[in-house]
Amino acid sequence: MGDNSDGSSNAAHGAREEAEDRHSGFFSRIIGALSPSDTGEKVPQDPSSMNGNATNVPPGMVNLRRLRLEDVAIPKSEIVSVSADIKMARLVERFRESGLTRLPVYDGTLDTPIGLIHLKDFVLAHGFSGSGDRFDLRKLLRPLLYAPPSMPIGVLLQKMQADRIYMALVIDEYGGVDGLVTIEDLIEQVIGEIEDEHDLEEGTLWVKEKPGCYLAEAKAPLDEFEAEIGMRLHGEGEDDDEVGTLGGLVFLLSGHVPARGEMIPHPEGVEFEVVDADPRRIKRLRVRLPGGPGGVDV
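The following paragraphs examine the structure supplied in this document. Counting restarts for each chain: residues are numbered from 1 in the order of the written sequence. Selection of residues for local features in this predicted model requires a pLDDT of at least 70, selection of side-chain atom pairs for listing and counting requires 80 or more, and totals for whole chains, interfaces and linings are taken over all residues. The basis for the side-chain values is all heavy atoms of the structure; hydrogens and waters are excluded.

Right, let's talk about the pairing of strand E11 (residues 271–277) for a bit. Every other side chain in a regular strand lies on the same face of the sheet, so the side chains alternate between the two faces. Categorising residues by exposure relies on relative accessible area from a 1.4 Å probe, with only protein chains included: less than 20% of the type maximum marks a residue as buried, more than 50% marks it as exposed, and the intermediate range marks it as partly exposed. Only DSSP runs of H or I reaching four residues or more are called helices, and only runs of E reaching two or more are called strands; each is numbered from the N terminus. The element E11 is largely enclosed, with a buried count of 6 among its 7 residues. Any two strands are treated as partners once DSSP identifies two or more bridges connecting them. Here strand E10 (residues 263–265) pairs with E11 via 3 bridges, running antiparallel. Across the sheet, residue methionine 263 finds its bridge partner in E11, namely glutamate 273. Turn length for the E10-E11 hairpin, with the two strands adjacent in sequence and antiparallel, is 5 residues, and the turn residue glycine 269 shows positive phi of about 95 degrees. Across 6 bridges, E11 lies against strand E12 (residues 282–288) in antiparallel orientation. When the sheet's bridge partners are listed, glutamate 273 is paired in E12 with arginine 286.

Here the focus is the packing of helix H8 (residues 153–163) against helix H9 (residues 183–191). The angle between two axes is taken between their N-to-C directions and runs from 0 to 180 degrees, where each axis is a line fitted to C-alpha atoms and a helix contributes only its stretch in contact. It is the contact of H8 with H9, at a shortest axis distance of 10 Å, that shows an interaxial angle of 130 degrees. The angle between H8 and H9 places the two elements in the oblique class. For the pair H8 and H9, the sense of crossing is left-handed. Note on element contacts: H9 touches H8 through Ile183, Leu186, Ile187 and Gln189, opposite Ile153, Leu156, Leu157 and Met160. By definition in this entry, angles of less than 35 degrees are roughly parallel, angles greater than 145 are roughly antiparallel, angles of 65 to 115 are roughly perpendicular, and the rest are oblique. For any pair of crossing helices, the crossing counts as left-handed if the nearer helix is rotated counterclockwise from the farther one by less than a right angle, and right-handed if it is rotated clockwise. The contact rule is simple, with two residues in contact once any of their heavy atoms fall within 4.5 Å.

This part covers the environment of phenylalanine 135. Looking at the secondary structure, you find phenylalanine 135 in the loop between helix H7 (119–126) and strand E5 (145–147). Taking the C-alpha atoms as reference, phenylalanine 135 lies 8.2 Å from lysine 87; in sequence the two are 48 residues apart.

Another point: the sheet that holds E12. Reading across the sheet, the 5 strands line up as E8-E9-E12-E11-E10 and stay open at both edges, with antiparallel pairing between neighbours. The open sheet has two edge strands with one neighbour each: strand E8 (206–210) and E10. Looking at each pair of strands side by side, their axes are set apart by 25 degrees on average, direction ignored. Contacting strand E9 (213–217), E10, E11 and E12, helix H11 (residues 246–254) crosses the sheet at an angle of about 80 degrees to E12.

The subject of this paragraph is the packing of helix H6 (residues 88–98) against H7. The relative placement of two packed helices is expressed as an angle between their axes plus a distance between the axes. Here H6 crosses H7 at 135 degrees, and the two axes come no closer than 12 Å. In terms of axis orientation, H6 runs oblique to H7. As H6 runs across H7, the sense of the crossing is left-handed. Residues Met88, Leu91, Val92 and Phe95 of H6 form the contact with H7, whose own contacting residues are Leu119, Phe122 and His126. Tallied by class, residues from the contact of H6 with H7 come to 6 nonpolar, 1 polar and no charged. Gly counts as polar in this scheme, as do all residues outside two lists: the nonpolar Ala, Val, Leu, Ile, Met, Phe, Trp, Tyr, Cys and Pro, and the charged Asp, Glu, Lys and Arg.

The sheet built from 4 strands is open, its strands ordered E1-E7-E6-E5 with mixed pairing. Where the open sheet ends on each side, the last strands, each with one partner, are strand E1 (74–75) and E5. Sheet analysis places E1 next to strand E7 (residues 177–182), joined by 2 bridges and oriented antiparallel. Bridge pairing in E7 places proline 75 opposite glycine 179.

Among all positions in H7, only Asp121, Phe122, Val123 and His126 are buried. Packed against the buried residues of H7 are H6 and strand E4 (109–118). Looking at the residues trailing H7, positive phi occurs at glycine 127, about 80 degrees.

In this model, arginine 164 sits at a positive phi of 55 degrees, which is unusual for a non-glycine residue. Among the structural elements, arginine 164 can be located in the loop between H8 and strand E6 (167–171). For arginine 164, a relative accessible area of 68% gives the class exposed.

A few words now on the pattern of salt bridges. The term salt bridge refers to a side-chain nitrogen of Lys or Arg lying within 4 Å of a carboxyl oxygen of Asp or Glu. In the structure shown here, the tally under the stated rule is 11 salt bridges. Linking glutamate 209 and arginine 286 is a salt bridge whose minimum nitrogen-to-oxygen distance equals 2.7 Å. Taken as a pair, glutamate 209 in strand E8 and arginine 286 in strand E12 lie far apart in primary sequence, 77 residues in all. Under the relative-accessibility criterion, glutamate 209 is labelled partly exposed at 39%. Arginine 286 is the salt-bridge partner of glutamate 273, the closest N and O atoms lying 3.5 Å from each other. Placement of the pair is glutamate 273 in strand E11 and arginine 286 in strand E12, with a sequence separation of 13 residues. In this pair, the class of glutamate 273 matches that of arginine 286, namely buried. One network of salt bridges, in which partners are shared, links Glu209, Glu271, Glu273, Arg286 and Arg288.

Dropping the structure here:
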């Protein structure tokens, strides 16, 4: 009897552990299993020492503990958001301009967020043309997560998975919005950049969308792109070695890392539109040449 009792007890205990393991989720098991000794790297004791330097940190599991939200969040000034009283036509335009599927919604200012609007919910209610029933944005809102800037990205990733909410606002000590992170931002710190269906095919640095208009990777060599368009984009007297890529040129022209959607003019009449970027680098650009059907009139 004793053996059977022990066996039953052990079986029940094992079943509970298995159920708890499934409930904890994939990311929680990874985070729980990871320790600094597993990687041979020391975790910084002062989280602020990482701030602003995430661009130099290679992707890897250790980033789940090492990086904080303040290291990866989109700054408040670059958050694409909408007001709760926005008109339907303007909301459609906002989705189209940004290329995003989720937008935070605020009441008055961004420091009073009330949720997020998902493009799928809007389309199901009003169609792709923005028609249908009477528009009430508040009825379409989904909840947002809120987190402090010092939170490790692994903790938020685990919470996003548990709550099935994939956008979070970073809140400062006064309750104001300090930045924004999505689940993609966090996962990219572990596995590297995630390409989506709008990215160019691997090995393709640019495509000609129409006459006078190109979609190009920011890493495209500047001299090769100049040969493609038959124009010199280097400034006069500028060392050819100083700027080697399209992204480097746009960074030089703007004087900062431009945000997604920002338009950067070139003295020669070329216009650069930032199609994709994060707080640390430009990823893709739309280049419009002066004149021509797809170009810029000068």
